[in-house]
Amino acid sequence: MTDTIESAVSRATLLLQSSSDSAKLDAQVLLLDVLQKPRSYLFSWPEQKLTPHQQQLFESYCQRRLTGEPVAHITGTREFWSLPLQVNPTTLIPRPDTETLVEYTLSLPLPVAAKVLDLGTGTGAIALALASEMPLWQITGVDRVADAVALANTNKQRLGFINVDFVQSDWFSQVTAQQFDLIVSNPPYIEYDDIHLNQGDVRFEPLSALVADDDGMADIKYIITQARNFLTSNGYLVIEHGYQQSTKVHSFFAQMAYTNILTVKDLANNDRVTLAQWPG
Ligand SMILES: C[S@@+](CC[C@H](N)C(=O)[O-])C[C@H]1O[C@@H](n2cnc3c(N)ncnc32)[C@H](O)[C@@H]1O
């Protein structure tokens, strides 16, 4: 006997409640991945029976979720800026918070054919979101992790964007162009001893994507310092950071002689992104 769609979701929700605070949503997303159907299918066909194969696959997905494995790692996908991105354990699962950076960046007065650099591109989330909105921008995304660069390239190819390139690079080390109108980054910014590293999805993400020395500020400071050599006159540097880091990021931008420094809040009203212009 196999479950119906409705009973499968109900049973899995009960099972996952002990390990997830989004048990019902997790169950629905996992089942949709098994069924390979859009979300509306769950509500249109609640009485449809799972095949034995679907039942077995769904149960194995739920067991993995019970151990805390992120839903995005189980399904291998996560939506960002309405783009379906492939994800894997080599880099960060794109977060909704990062859409704040994308949204604000798109409101900046930049050239029609702006040259753009995304530092620490991971899945390519930011670079690909910008590419989807600005087909004339020339975007380069870099990451130190070769597997992340391969993943970003896979996402680029699946989405069919031609105005983005991905390069393996330790921050600026392999960046050949000198002049960017815009540099964006969501770098690692968590402190090594942050208790949140032992909770939720981050337990399954690589430390190389998450943590930085100097109370989480080391990479941010390096990028702010070096970006001065790569920005056009009045070019923008836009950085995502922790909600308690805006004062430190703001004062480091000022120390490095940037102008028009501004912090932007995310949807939860937390300081999330700070940007500034390099006067050149
Ligand atoms: C917080 S994740 C952000 C990923 C993606 N941009 C996003 O917003 O979802 C940080 C990324 O920076 C990369 N990274 C860490 N150190 C780096 C370095 N020295 N040079 C280049 N990339 C680096 C990590 O591999 C990781 O993919």
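Residues numbered from 1 in each chain as written. Predicted model: local features only at pLDDT ≥ 70, side-chain atom pairs only at ≥ 80, totals over all residues. Heavy atoms only, no water.

**What about the environment of Ile126?**
Point 1. The residue Ile126 is located in helix α7 (residues 125-133) in this model.
Point 2. A relative accessible area of 5% means that Ile126 is categorised as buried.
Point 3. Setting aside its immediate chain neighbours within four residues, Ile126 contacts Phe80, Thr98, Leu101, Val102, Asp118, Val184 and Asn186. (Helix = DSSP H or I, 4+ residues; strand = E, 2+ residues; numbered from the N terminus. Buried < 20%, exposed > 50% of the residue type's maximum accessible area, 1.4 Å probe, protein only. Contact = heavy atoms within 4.5 Å.)

**Side note on the pattern of salt bridges**
Point 1. Taken as a whole, this structure holds twelve salt bridges when the rule is applied.
Point 2. One salt bridge connects Arg95 with Glu205, and the closest N-O pair in it is separated by 2.7 Å. With a gap of 110 residues between them, Arg95 in the loop between β2 (83-86) and α6 (98-106) and Glu205 in the loop between β6 (180-185) and α9 (218-227) connect regions that are remote in the sequence.
Point 3. Residue classification places Arg95 among the partly exposed residues on the basis of a relative accessible area of 24%.
Point 4. Since its relative accessible area comes to 6%, Glu205 is described here as buried.
Point 5. Among the salt bridges present, the one from Asp271 reaches Lys265, with a minimum N-O distance of 2.9 Å. (Salt bridge = Lys/Arg side-chain N within 4 Å of Asp/Glu carboxyl O.)

**Here's the deal with the UniProt feature "binding site: substrate" (unreviewed entry) in the protein**
Point 1. Here, the residues flagged by UniProt with the feature "binding site: substrate" (unreviewed entry) are Asn186, Pro187, Pro188 and Tyr189.
Point 2. Within the element layout of this structure, Asn186 appears in the loop between β6 and α9.
Point 3. If we skip the residues at most four places from it in the chain, Asn186 touches Leu92, Thr98, Leu119, Gly120, Ile126 and Glu240.
Point 4. For Asn186, the side chain forms a polar contact with the side chain of Thr98, separated by 3.5 Å.
Point 5. With respect to the helices, strands and loops of the structure, Pro187 is situated in the loop between β6 and α9.
Point 6. Pro187 gets classed as buried once you look at its relative accessible area, which sits at 2%.
Point 7. Leave out the neighbours within four places in its chain, and Pro187 touches Trp171, Asp219, Ile220, Ile223, Ile239 and Glu240. (UniProt positions renumbered as here; feature names shortened; annotations may be inferred. Polar contact = N/O pair within 3.5 Å; in protein donor to acceptor, adjacent residues only side chain to side chain.)

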